[in-house]
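Secondary and tertiary structure notes
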Amino acid sequence: QVQLVESGGGLVQAGGSLRVSCAASGNIFSIPNMGWYRQAPGKQRELVATMTSDGSTNYADSVKGRFTISRDNARNTVYLQMNSLKPDDTAVYYCNADITTYTRRTWNYWGQGTQVTVSS
């Protein structure tokens, strides 16, 4: 059994900063890839940023230069530092991870989501 638990969402004014975290727990051998997606009302879920276990990153064009993803592999935790926030960043942010269990099988997991609201 694996769980992803997000924290750190909230309400912030435009131009402000926020950091969200996601901790994975359970039957975890390794986490090859971990990252964040978001879904705004009436829109499809979209990639925000991902990071592999060796540090390779991938960002959506809309957040490049403003958001930074990082990982603490020892704690199975991924962070998303969001700076210069815009109202368009308002969404539910979901943690996502490819997790290899001790049976050496890899599964994809989602967190429950955390709301980020940016006021203008």
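Residues numbered from 1 in each chain as written. Predicted model: local features only at pLDDT ≥ 70, side-chain atom pairs only at ≥ 80, totals over all residues. Heavy atoms only, no water.

1. Examining the state of the cysteines
Chemically, a disulfide is nothing more than a covalent bond linking the sulfur atoms of two cysteines. Let me state the cut-off plainly: The rule for a disulfide is simple: a pair of cysteine sulfur atoms within 2.5 Å. Numbering goes from the N terminus for both helices and strands, where a helix is a DSSP run of H or I of at least four residues and a strand is a run of E of at least two. With a 1.4 Å probe rolled over the protein chains alone, any residue whose accessible area is under 20% of its type maximum counts as buried; one over 50% counts as exposed, and the rest are partly exposed.
Counted according to the given criterion, the structure contains 1 disulfide. Two residues share a disulfide in this structure: cysteine 22 and cysteine 95, whose sulfurs sit 2.1 Å from each other. The sign of the -80 degrees torsion about the S-S bond sets the cysteine 22-cysteine 95 disulfide as left-handed. A residue pair is termed long-range when its members are at least 10 positions apart, and cysteine 22 in strand S3 (residues 18-26) and cysteine 95 in strand S9 (residues 91-100) qualify at 73 residues. Since its relative accessible area comes to 0%, cysteine 95 is described here as buried.

2. Observations concerning the sheet that holds strand S8 (residues 77-82)
For the record, the criterion: Between any two strands, at least two bridges found by DSSP are needed for them to pair. To obtain each axis, a line is fitted to C-alpha atoms, and for helices this fit is confined to the stretch in contact; angles are then taken between N-to-C directions over 0 to 180 degrees.
Reading across the sheet, the 4 strands line up as S1-S3-S8-S7 and stay open at both edges, with antiparallel pairing between neighbours. Of all the strands in the sheet, the pair left with one neighbour each is strand S1 (2-7) and strand S7 (67-72). Between one strand and the next, the sheet's axes are offset by a mean angle of 15 degrees, whatever the strand orientation. Bridging between S1 and S3 involves 6 bridges; their strand directions are antiparallel. Counterpart to leucine 4 in the pairing with S3 is alanine 24.

3. Quick notes on unusual backbone geometry
Look at asparagine 76: it is not a glycine, yet its phi comes out positive at around 55 degrees. Note on placement: asparagine 76 falls in the loop between S7 and S8. Using a relative accessible area of 23% as the deciding quantity, one classes asparagine 76 as partly exposed.

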